[in-house]
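Okay, here's what each chain looks like letter by letter:
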4 protein chains.
Amino acid sequence: MKNFDEAPGRYKVRDLNLAEAGRHQIRLAEHEMPGLMALREEYGDSKPLAGARIAGSLHMTVQTAVLIETLTTLGAQVRWASCNIFSTQDEAAAAIAVGPTGTPDNPSGVPVFAWKGETLSEYWDCTEQIMTWRDDHGHLTGPNMILDDGGDATLLVHLGVQYEKDGSVPEPLFPGDAGYNAEKEEIHRVLRASVDKSGNHWTELANNILGVTEETTTGVHRLYALAEKEELLFPAINVNDSVTKSKFDNKYGIRHSLPDGINRATDILIGGKVAFVAGYGDVGKGAAEAFRGQGARVIVSEVDPICALQAAMDGFQVAQLEDVVDQADFFITTTGNFNVIRPEHVLAMKDKAVIGNIGHFDNEIDIAGLAAIEGVTQVEIKPQVHEWTLPSGRSVIVLSEGRLLNLGNATGHPSFVMSNSFANQVIAQIELFTKAPHGEYPTGVYRLPKILDEKVARLHLDALGAKLTQLSPEQAEYIGVPVSGPYKPEHYRY
Amino acid sequence: MKNFDEAPGRYKVRDLNLAEAGRHQIRLAEHEMPGLMALREEYGDSKPLAGARIAGSLHMTVQTAVLIETLTTLGAQVRWASCNIFSTQDEAAAAIAVGPTGTPDNPSGVPVFAWKGETLSEYWDCTEQIMTWRDDHGHLTGPNMILDDGGDATLLVHLGVQYEKDGSVPEPLFPGDAGYNAEKEEIHRVLRASVDKSGNHWTELANNILGVTEETTTGVHRLYALAEKEELLFPAINVNDSVTKSKFDNKYGIRHSLPDGINRATDILIGGKVAFVAGYGDVGKGAAEAFRGQGARVIVSEVDPICALQAAMDGFQVAQLEDVVDQADFFITTTGNFNVIRPEHVLAMKDKAVIGNIGHFDNEIDIAGLAAIEGVTQVEIKPQVHEWTLPSGRSVIVLSEGRLLNLGNATGHPSFVMSNSFANQVIAQIELFTKAPHGEYPTGVYRLPKILDEKVARLHLDALGAKLTQLSPEQAEYIGVPVSGPYKPEHYRY
Amino acid sequence: MKNFDEAPGRYKVRDLNLAEAGRHQIRLAEHEMPGLMALREEYGDSKPLAGARIAGSLHMTVQTAVLIETLTTLGAQVRWASCNIFSTQDEAAAAIAVGPTGTPDNPSGVPVFAWKGETLSEYWDCTEQIMTWRDDHGHLTGPNMILDDGGDATLLVHLGVQYEKDGSVPEPLFPGDAGYNAEKEEIHRVLRASVDKSGNHWTELANNILGVTEETTTGVHRLYALAEKEELLFPAINVNDSVTKSKFDNKYGIRHSLPDGINRATDILIGGKVAFVAGYGDVGKGAAEAFRGQGARVIVSEVDPICALQAAMDGFQVAQLEDVVDQADFFITTTGNFNVIRPEHVLAMKDKAVIGNIGHFDNEIDIAGLAAIEGVTQVEIKPQVHEWTLPSGRSVIVLSEGRLLNLGNATGHPSFVMSNSFANQVIAQIELFTKAPHGEYPTGVYRLPKILDEKVARLHLDALGAKLTQLSPEQAEYIGVPVSGPYKPEHYRY
Amino acid sequence: MKNFDEAPGRYKVRDLNLAEAGRHQIRLAEHEMPGLMALREEYGDSKPLAGARIAGSLHMTVQTAVLIETLTTLGAQVRWASCNIFSTQDEAAAAIAVGPTGTPDNPSGVPVFAWKGETLSEYWDCTEQIMTWRDDHGHLTGPNMILDDGGDATLLVHLGVQYEKDGSVPEPLFPGDAGYNAEKEEIHRVLRASVDKSGNHWTELANNILGVTEETTTGVHRLYALAEKEELLFPAINVNDSVTKSKFDNKYGIRHSLPDGINRATDILIGGKVAFVAGYGDVGKGAAEAFRGQGARVIVSEVDPICALQAAMDGFQVAQLEDVVDQADFFITTTGNFNVIRPEHVLAMKDKAVIGNIGHFDNEIDIAGLAAIEGVTQVEIKPQVHEWTLPSGRSVIVLSEGRLLNLGNATGHPSFVMSNSFANQVIAQIELFTKAPHGEYPTGVYRLPKILDEKVARLHLDALGAKLTQLSPEQAEYIGVPVSGPYKPEHYRY
């Protein structure tokens, strides 16, 4: 394990410049994250998270740094890992470890277990580290809150408890064995030590956890699945489905970061070109709007007739990929499904077509299938940009090897967008930490109450110069809502 | 009572041209209502509504004519009234009464009790008429289904039942009496006859009703209120909140009919002007997009911070009316609230500012308050367009006296949009009529299952040349949905 | 000849209501024509057109009424005819004839020779009437200025002079004769009387004319052709090619009036549909933007590769009509060419496709060819809207019989747009009337100096709340322009 | 002098990877430059530039590499320098020097005198080098064509000739001397050697030059100024004002590269923000569209009332900077003027406002004035991104130190846009080289004939899938143009 001390668990930051550069970027990002800064203002004195020990597993970026320092300003203790082996911005990690008032030699920050380019093995070691809280006497206390993105931290705890119930961790498998999965083996390796040692390490740890707040669709799916099987161990708040998360992060974040990623990767003119967008959910809506805003002609594919009708009514051609595959210059997947762009499609594309994914996993584009085409060759144009030459002599440009291109080819969502998502996280942490002990959140998966969703929006209006209108008491009564909200029924779609 | 025979209950159509003109328009509208035509195709043989006696209360327009003939094609018997004293298109009513194969002298159509410009008294008589079904022996049977828009037909039945329970209808009040309400008196007048006569006329009638399908927000509110008080007498389907109704009718319908109404009313250039839109719900979103599409600069006001943030992210200025009242050329209300534009605002507007409402009731603009300004005068420029001259000498143009300007100054939503709404109505009628007898819809208020919402969308794709993509079984399993839908969780926001 | 007295040449207005209604509309239009009102303000006292006798031939609409009263406010005497047999708005004509301070019985207005629905014969009689000025002694003086739209007034004078040179007007032809043209015969009939009578009536009249200002492309073409053949009799200003005319009238005027015309004609939803626009000049650009603004998908055809490239870069599909004729729902011609949409295209269109022209003449759509298809039938849905049923059983909707649909199905360009065009007209009249006598405009065709074009723009900014930035003397020098303009080289394209 | 050999004048490329990387990028760029590739196809065999010796002074980028190899494919010999000390992409220079078929050790390419980060002294030495052609006997022949961008190569020749006429180069001045200008001193230093040595070196060289083709506004201004003073020595073609250059490069190029530059520099969300754009010429139009396409609200300032009116009609607020300086988040200059954003403006901006220039020179923003504010401090966030902290404690972000941000913070215009500009260059070179010797281009400044402008557009349509419509002979005659163009009068504005 590299880059952090075992004992204090601190990011080993000896490079003054790295931490300083990170601090600089954090300062600029704070200006773009008015939601988090307003929460610091509101709760900085009352410190509702005092006593909270938050184990965080979420991309260790500059924006996350502002989140972390918001949590600590609200009184929390925090330990942090990234939820992706590539997504850490080292300068942000360094600055967080050093802390706003510390120095590289005398850090006062937060234990950070993350660096850009971890191995799978390192990744799961890091994830375990965020669980190893000890009190002043060196006794393991563990976290009492989890802040998760994708559910890996939550998974580790649940598997640990399960294996302790089972009495043991499954025997190791090796490459070639049936059912072998490299990542699962790493998880087992990490768990084996603790499960074997104590027998109730994870069970005790889980008992101390008041709840988890989860950032994304994937993690949320896992939580609902656990809840359905009645295996969920503590309450969870689904932050992903707050309006101010899903409608903003997905639509407006993508509108920004999709063309940014394409431009940095290819420098190819978007205007006048034909862009194929697979999927017209919130991500697809943002993608289509971004392409149109640059003067491209957009063709959308959809499986859901309602979203398809929306695409048509918004002025986009709706077609099957097969029918237009030879017309488009850009192919972008936003579906969250798999094998959406397949080798037979790629073989029919125009020379130098650009292919990228901004949906979820890298299997939206069947990269493996592409690699399996006989005679195909691949060359790196620059990092995260590969030219695949097909047997026909034509070639296509694949971005980020099929992984999220806005993260791989650009810098992901901008701070302002993340301020919405992360303000939901902070509010959700406060909700669970302050109310779960009083039984207000029995084990289950919850969405944030609409009034808090509205609060997150409210915190971002000033920064945009948007001035809200106030309902009079008579008007509020007329439409049957409180003057201060919530203003809409639960099923309202925005 | 004029214009229809008491005995056969038929619209008295002696004007051949009127019915012919209506038939012509119906034929053209059918082409723009692919959802309804597809339902005729699908269910024309099996006739799932055979045996249904539908009492319809909904604007008697050309589009409604296509709806009515769809219901009869599916086997239903129908009686119809309009739900608004002004909204009947007489040629549509005439054509429906004559029927597709009848003649004015030998009509074969549907009993229609509606004409443009009814009195309040006539309106409630007409509403009562749609309830007066008789069997071959002349015995009153009443309807077994209601199709409602705004809830007046449902209201009549519920009040009738209540007064029969009470034993009598309240004594008449007269103008000047405390609590006097002209409309309520008309309702009482109509009910008094039947309640007094039989004592259980409405109760029996209500017992025969399998359910109601309701078109709009207002009617839906009434239904939920009845359900909450446990006074609802039969199941209801809330058609209004189908995605293919609320998101399409409200957003895309308004995008079309708002500029249409303004243009027909004023012939004033929209481009380059400043348009103030109160509210950024679905209606406001459609309005803002329409103005932008014509080159106007849009300023939005909102009370809901989430919608306000959406407006800002969509590139619109968000401001309070007070702060921009002297800048805008057009003022449009879309809120569903009241007293949104008030006299103090109007007094501060630019000379010749145009004011209109496309939200809900005519009290969104405080017309009464405007009329009460000392020294204000009003002149009709043309029907539904009035110039109000203020004491300052400046004047403003008020559209449709503050009522819905797309109906008053243009022809409302186009057929294609209504095809979505009405396909939901037909499907909801089938649902209730075929399933309520088997206990599948205990008394309560329901939304259509998402799979049927998706079906409505599906029926409209071909007409737009939109081609849907099919999920493979593997892909469907991957995201955990059936291959044929529904594709989204209930809380999905589109 | 009807509707005006021969002697005073006044529009016979006995219908008080008509003139009053017109006056009302004129008052509202003045508010939307800030360019003309500013010229009244600037020149109302100095009266630079005192002594001008302007013969005007231009659509006699409400907007033209504001133009006429601006000319008279600047000191001119005016006689007016329309330049199109259908385009007169009778209430505007009546109001102008009555005059702002006159009464129907005691009119004080301007001699107007125009009514809606003239015959060809009446049309040319009216055109001759605007030339018959007489002094107090009854001697014919004729006009000293022409304000023309399409060049008919100018044509009459030039033909008169030519025939006087020739010694006679050509012998009449009759239907069936080779070379027979109904309109030409009417012109000859009108000229024959005067040419035969005096022999130098038109020659003297032409000698008195200082110049003509011409509104449109067609008229401008005629003028350049005359100048090239050295047959032009007096200087001409090409108003059509002022930026504030061509770029505004064509692009922004069409953006407004195209959807207005379609909506009033068909009530068909535009959103989600496919619109084919033939031509991507200024008119096509406005049309495409209007369709996109309503959520339609636009396909453009072009013969000019530069305009085609612009269309592509603006995000529109560029295709040949043949290749997409079965996809579009709307077909709009904007080319100024002929036979753009031909019978073979119409036969291949979707059922109920809508066809309209907003370019120039009614031959852009080959209506004659359409009528010649064997088995085709036609029925009027409402005025200016016809359904043509094809042998296949499919039908198409043709707007305004192929004539300009924004005029035929709606009310043409809105006042604000015409204020730009007409302010150019007024300024051009002042230029010629005040400078031509001093030899500043030798016979030839001129465009307005850019500084005056800029002036017209300047007059319209306040009304839109647009605030201009001032160049400092140093900045003006830096880019080599005067502080007060003109700011651009002649070839600048805007 | 570094990086190239004196003798062969070749870029010293010993770094195989550099040249290979450049070749790779050239290959991809060729795909995006269909105009140049089509010219290779068309003229590759006939080699119309055989015998041409082209001295090129234009940014030595990947796109320019494709231009250079197009010129050599058409038969020309070429020597190249950059026209900006920072703009060379070293890998492109290396690849061009090596040549498509050469190797670093055995280069077969073109003499390139350019590298990223030249000193001013090196820059003018490089510019002189492109003039030093020698025949096989070592006799100086010089170029017979110049391809210029900004006019530095042309300036050098003209100054050389003038000083030879004067008999000497002005005496050197030194920093502090009145009239001292560092760049002028470098030019004089370069000229002094040759002028003093031969007395007619530049005069003979100029006599051999058939003409120059000039890329940009600045160079064109210089040429018109020389022509006006009758000092122009050879004919010039103004490539800048081809429609396919000015309307495409300026509008569509900026639409792409402005947000690209902002995103790479700042990662700040554009959506929902307020962007101030100074100037609404073609560059401003592209900038405003780009911001709107990302969901920003745009405020435009203009001095030209026509452009201001266009901005308003396009839906943008038009205001003076002073009135909105405290509202905007982004400030972008596009004017081509100077001191547009001044210290008093910057002092009034919001905290963390972003300021950038995409117009022309770095004095559009008064950086010197900003630096002179007492107490102001500046820190580099990253290369080309500086945070200036003001005495108020607020800070602003300045991009590229006020120089063109699309070049400084991103990679300039994409290849497809440059393919338009450069196709004009190649065609202009052919025009002058083949026709000037026959007297078809007497000394003066010309624009390319419209038919060639149309040709350039035509060459780019296929790549966008745009299919042109053909005029029939009858249609062409009807509108009075040749079937194959040109299609528009000279003053047409597109």
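Residues numbered from 1 in each chain as written. Chains lettered and ligands numbered in written order. Predicted model: local features only at pLDDT ≥ 70, side-chain atom pairs only at ≥ 80, totals over all residues. Heavy atoms only, no water.

**Description of the overall build of chain A**
Now for step 1: Along chain A, the regular secondary structure elements total 19 helices and 15 strands.
Now for step 2: Computed over its C-alpha atoms, the radius of gyration of chain A comes to 23 Å, within 12% of the 23 Å expected for a compact globule of 494 residues.
Now for step 3: Based on the C-alpha atoms only, the size of chain A along its principal axes is roughly 70 × 70 × 50 Å.
Now for step 4: Across the 494 residues that make up chain A, the buried fraction comes to 63%.
Now for step 5: Restricting the contact set of chain A to residue pairs at least 6 apart, pairs at least 24 apart contribute 72%. (Helix = DSSP H or I, 4+ residues; strand = E, 2+ residues; numbered from the N terminus. Rg over C-alpha atoms; globule rule 2.2 N^0.38 Å. Buried < 20%, exposed > 50% of the residue type's maximum accessible area, 1.4 Å probe, protein only. Contact = heavy atoms within 4.5 Å.)

**Comments concerning the relation of the copies chain C and chain D**
The pair of chain copies shares a relation made of a rotation about an axis and a shift along it.
Now for step 1: If you rotate chain C by 180 degrees and push it 0.0 Å along the axis, it lands on chain D with an RMSD of 0.1 Å. The transformation just described matches what one would write down for a two-fold rotation axis. Within chain C, the C-alpha atom positioned nearest to the axis of rotation is that of C:Arg493, 2.2 Å from it.
Now for step 2: A symmetric contact is evident, with 100% of the interface residues of chain C recurring at the interface of chain D. (Least-squares fit on C-alpha atoms with pLDDT ≥ 70 in both.)

**Description of the sheet that holds strand β14 (residues 395–399) of chain A**
Residue and element names in this part refer to chain A.
Now for step 1: With mixed pairing, the 8 strands of this open sheet are ordered in space as β9-β8-β7-β10-β11-β14-β13-β12. The strands lining the two open edges of the sheet, one partner per strand, are β9 (317–318) and β12 (377–382).
Now for step 2: The pairing of strand β13 (residues 385–389) with β14 spans 5 bridges and is classified as antiparallel. The partner of Glu387 across the bridge, within β14, is Ile397. (Pairing = 2+ DSSP bridges.)

**Side note on the UniProt feature "domain: S-adenosyl-L-homocysteine hydrolase NAD binding" (unreviewed entry) in chain A**
Now for step 1: The feature "domain: S-adenosyl-L-homocysteine hydrolase NAD binding" (unreviewed entry), as annotated in UniProt, sits at residues 250–412 of chain A in this numbering.
Now for step 2: Between the first and last C-alpha atoms of residues 250–412 of chain A the distance is 11 Å; the span itself is 34% helix and 23% strand. (UniProt positions renumbered as here; feature names shortened; annotations may be inferred.)

**Points about the packing of helix α12 (residues 305–313) of chain A against helix α18 (residues 450–459) of chain B**
Packed helix pairs are characterised by how far apart their axes lie and by the angle those axes make with each other.
Now for step 1: Orientation of α12(A) relative to α18(B), taken along the N-to-C sense of each, is 40 degrees, at an axis distance of 8 Å. Taken together, the axes of α12(A) and α18(B) are oblique relative to one another. As α12(A) packs across α18(B), the resulting crossing turns out to be left-handed. The residues of α18(B) that touch α12(A), namely those facing A:Pro305, A:Ile306 and A:Leu309, are B:Asp453, B:Glu454, B:Ala457 and B:Arg458. (Axes fitted to C-alpha atoms, helices over the stretch in contact; angles between N-to-C directions. Parallel < 35°, antiparallel > 145°, perpendicular 65-115°, else oblique. Left-handed = near helix turned anticlockwise from the far one by under 90°.)

**A short note on the pairing of strand β13 (residues 385–389) of chain D**
All names here are of chain D.
Now for step 1: Counting buried residues along β13, 4 of its 5 residues qualify, which places the element largely inside the surrounding structure.
Now for step 2: Relative to β13, strand β12 (residues 377–382) is paired through 5 bridges, and the arrangement is antiparallel. Bridge pairing links Gln378 to Trp388 in β13.
Now for step 3: A loop of 2 residues connects β12 with β13, the two strands running antiparallel in sequence, and Gln384 in this loop sits at a positive phi of about 70 degrees.
Now for step 4: Adjacent in sequence and paired antiparallel, β13 and strand β14 (residues 395–399) are bridged by 5 residues, among which Gly393 carries a positive phi angle near 95 degrees.

**Side note on the sheet that holds strand β1 (residues 53–57) of chain D**
Residue and element names in this part refer to chain D.
Now for step 1: The parallel open sheet is built from 7 strands, whose spatial order is β3-β2-β1-β4-β5-β6-β15. Bordering the open sheet on either side are β3 (112–113) and β15 (445–447), each of which pairs with just one other strand.
Now for step 2: Where strand β4 (residues 145–148) lies against strand β5 (residues 211–214), 4 bridges are found, and the strand directions are parallel. Within β5, the residue paired with Leu147 across the bridge is Thr213.
Now for step 3: With respect to the sheet, helix α9 (residues 217–228) is in contact with β5, β6 (236–238) and β15, its orientation differing from that of β5 by roughly 140 degrees.

**Side note on the interface of chain B and chain A**
Now for step 1: Listed by partner, the interface residues are 64 residues for chain B and 64 residues for chain A.
Now for step 2: Note on chain B versus chain A: buried area summed over both sides is about 5900 Å², and carbon and sulfur give 59% of it.
Now for step 3: Applying the counting rule to chain B against chain A returns 4 salt bridges.
Now for step 4: Measuring nitrogen to oxygen at the nearest pair gives 2.8 Å for the salt bridge that ties A:Asp304 to B:Lys488.
Now for step 5: The interface formed by chain B and chain A holds 30 residue pairs in polar contact (both at pLDDT 80 or more) in total.
Now for step 6: Considered class by class, the residues forming the side of chain B that touches chain A number 27 nonpolar, 18 polar and 19 charged. (Buried area = accessible area lost by both parts, 1.4 Å probe. Salt bridge = Lys/Arg side-chain N within 4 Å of Asp/Glu carboxyl O. Polar contact = N/O pair within 3.5 Å; in protein donor to acceptor, adjacent residues only side chain to side chain. Nonpolar A, V, L, I, M, F, W, Y, C, P; charged D, E, K, R; others polar.)

**With respect to the interface of chain C and chain D**
Now for step 1: Of the residues lining the interface, 64 residues belong to chain C; the matching set on chain D comes to 64 residues.
Now for step 2: Where chain C abuts chain D, roughly 5900 Å² becomes buried across the two surfaces, and 59% of that area is made up of carbon and sulfur atoms.
Now for step 3: Inspection of the chain C/chain D interface yields 4 salt bridges.
Now for step 4: The salt bridge partner of C:Lys467 is D:Asp323, with a shortest N-O separation of 2.9 Å.
Now for step 5: Viewed at the interface, chain D and chain C are joined by 30 residue pairs in polar contact (both at pLDDT 80 or more).
Now for step 6: Those elements that place two or more of their residues in the side of chain C that touches chain D are α10 (243–266), α11 (282–293), α12 (305–313), α18 (450–459) and α19 (473–479) of chain C.

**Observations regarding the relation of the copies chain B and chain A**
Now for step 1: Mapping chain B onto chain A is achieved by rotating through 180 degrees and translating by 0.1 Å along the same axis, at an RMSD of 0.1 Å.
Now for step 2: The residues that chain B uses at the interface reappear at the interface of chain A in 100% of cases, marking a shared surface.

**Some details on the packing of aromatic side chains**
Now for step 1: The final tally for this structure, using the stated rule, is 32 aromatic pairs over all chains.
Now for step 2: Between the NZ or CZ atom of B:Lys488 and the centre of the ring of B:Tyr492, over which it lies, the distance is 5.1 Å. (Phe/Tyr/Trp six-rings, centres within 6.5 Å; stacked < 30°, edge-to-face > 60°. Lys NZ or Arg CZ within 6 Å of the ring centre and 35° of its normal.)

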